[in-house]
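The lines below spell out each chain.
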Amino acid sequence: TASGEKATVSGGEGNTASGGWTVASGGRENEAGANYATVSGGYENTTDSTYSAISGGYSNNITGASSNSFVGGGNNNTVSDSEESVITGGKEGAVEEGSNLSVVCGGQGNKVYGASTHSVVSGGFENFIFDDSTHSVISGGYENYIDDSVYSTVSGGELCFISASPHSVLSGGKSNSISSEYGTVSGGVNNVISGSSSFSAIVGGGGELLYGSGVSSGAVFVPPETGLEGNYVDKSACSFIGGGASS
């Protein structure tokens, strides 16, 4: 049904173009509900944001103040209240809460939210950038987080975290964390930079956790308890650990 002014439904089944100058060109049960919006195909895709577009996939949504945004495909992806943002594909991805000019490239359950503008999650599983972490990047991996940290990067790995640490880099590994500005952890396991340890680096190494988890609880960073066989820099600015364990 084409009910908007100069709207077009050119094919498919059960498609709706209710905004002005909108296009629903194929697929099934898709809706272009805002002025100048387009849904090209797929199933149950909806946009109610001006100048936005969904190319295909299943149950993808662009909603709220998300003008000039785009979803390429995949399923259950959402751009909400984030202008000029993009989800290229994947599953259950999201760009939300004023994270303008941000991108989720694919993977599953990856999200940019909390006004984290100009940020990117390239892939992987359940990687999050949130709480004003502008200009930050997670390239991939599993359950990695950047929280309240501008211009920061997690390249990959598993359960790695940067929290309240602007301009920090965590290259990979497992259960590594930075909670001090300008920190660098290149890899390894259970390596931690915390406290007033700005401009510090751990190149690698580490060990097994004996006590504590060294991960986050909800959205709050929880540093590991004592007793870990990893490398740990705490309240020591401009420090360096090249590798090994329990340094």
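Residues numbered from 1 in each chain as written. Predicted model: local features only at pLDDT ≥ 70, side-chain atom pairs only at ≥ 80, totals over all residues. Heavy atoms only, no water.

Remarks on the overall build of the chain
- For the chain, the helix and strand inventory stands at zero helices and 29 strands.
- Expressed as a percentage of the 247 residues in the chain, the buried residues total 45%.
- Of the roughly 9,700 Å² of accessible surface on the chain, a fraction of 49% belongs to carbon and sulfur atoms. (Helix = DSSP H or I, 4+ residues; strand = E, 2+ residues; numbered from the N terminus. Buried < 20%, exposed > 50% of the residue type's maximum accessible area, 1.4 Å probe, protein only. Areas by Shrake-Rupley, 256 points an atom, 1.4 Å probe, with all protein chains shown as cover.)

Brief notes about the packing of aromatic side chains
- What the rule picks out here adds up to 10 aromatic pairs.
- Residues Tyr 36 and Tyr 51 carry aromatic rings whose centres are separated by 4.9 Å and whose planes lie at 0° to one another, so their mutual orientation is stacked. Of this pair, Tyr 36 sits in the loop between β4 (31-32) and β5 (38-39) while Tyr 51 sits in the loop between β6 (46-47) and β7 (53-54), and the two are 15 residues apart along the sequence.
- For Tyr 51, a relative accessible area of 48% translates into the label partly exposed.
- Members of the aromatic cluster, each reached through a chain of ring pairs, are Tyr 113, Phe 128, Phe 130, Tyr 145 and Phe 161. (Phe/Tyr/Trp six-rings, centres within 6.5 Å; stacked < 30°, edge-to-face > 60°.)

Quick word on the pattern of salt bridges
- Inspection of the entire model under this criterion finds one salt bridge.
- With its nearest N and O atoms 3.6 Å apart, the salt bridge here joins Glu 29 to Arg 28.
- With a relative accessible area of 34%, Glu 29 lands in the partly exposed category. (Salt bridge = Lys/Arg side-chain N within 4 Å of Asp/Glu carboxyl O.)

A look at the nonpolar core
- Ranked by size, the top nonpolar core spans 23 residues in total, and within it Val 154 and Leu 170 carry the most contacts.
- Phe 130, Tyr 145, Leu 159 and Phe 161 belong to the second-largest nonpolar core, a separate cluster that totals five residues. (Core = buried A, V, L, I, M, F, W, Y, C linked by side-chain atoms within 4.5 Å.)

Some remarks on a negative patch on the surface
- There is a patch of like negative charges on the surface, built from Asp 81, Glu 97, Asp 131, Asp 132 and Asp 148.
- Relative to the helices and strands, Asp 148 is located in the loop between β18 (145-147) and β19 (153-154).
- What makes Asp 148 partly exposed here is its relative accessible area of 44%. (Patch = residues over 30% accessible without salt bridge, like charges linked within 9 Å, V, L, I, M, F, W, Y side chains within 5 Å. Lys, Arg positive; Asp, Glu negative; His and termini not counted. Charge placed at Lys NZ, Arg CZ, Asp CG, Glu CD.)

Focus on the confidence of the model for the chain
- On average, residues of the chain carry a pLDDT of 88, and 83% of them reach 70 or more.
- Predicted confidence is poor over residues 207-228, with pLDDT under 50, and the contacts of this stretch with residues over four places away or in other chains come to 40 contacts. (pLDDT = per-residue confidence, 0-100. Contact = heavy atoms within 4.5 Å.)

Examining unusual backbone geometry
- Even without being a glycine, Glu 29 presents a positive backbone phi close to 55°.
- Residue position: Glu 29 is located in the loop between β3 (23-24) and β4.

Structural notes on the environment of Gly 106
- Inspection of the secondary structure assignment puts Gly 106 in the loop between β13 (103-104) and β14 (111-112).
- Judged by its relative accessible area of 9%, Gly 106 falls in the buried class.
- Linking Gly 106 and Asn 77, residues 29 residues apart in sequence, is a C-alpha distance of 9.6 Å.
- Setting aside anything within four residues of it in sequence, one finds Gly 106 in contact with Thr 88, Gly 89, Gly 90, Ser 122 and Gly 123.

What about the environment of Glu 181?
- Among the structural elements, Glu 181 can be located in the loop between β22 (177-178) and β23 (184-185).
- According to the relative accessible area criterion, Glu 181 is partly exposed, its value standing at 34%.
- When the C-alpha atoms of Glu 181 and Ile 162 are compared, they prove to be 9.4 Å apart, with 19 residues separating the residues in sequence.
- Those residues in contact with Glu 181, other than ones at most four positions away along the chain, are Ser 165, Pro 166, Ser 168, Ser 197, Ser 198 and Phe 199.

A few points about the environment of Ser 133
- With respect to the element layout, Ser 133 can be found in the loop between β16 (128-130) and β17 (137-138).
- Apart from residues lying up to four places away in sequence, Ser 133 is in contact with Ser 116, Thr 117, Ser 119, Ile 146, Asp 147, Asp 148, Ser 149 and Val 150.

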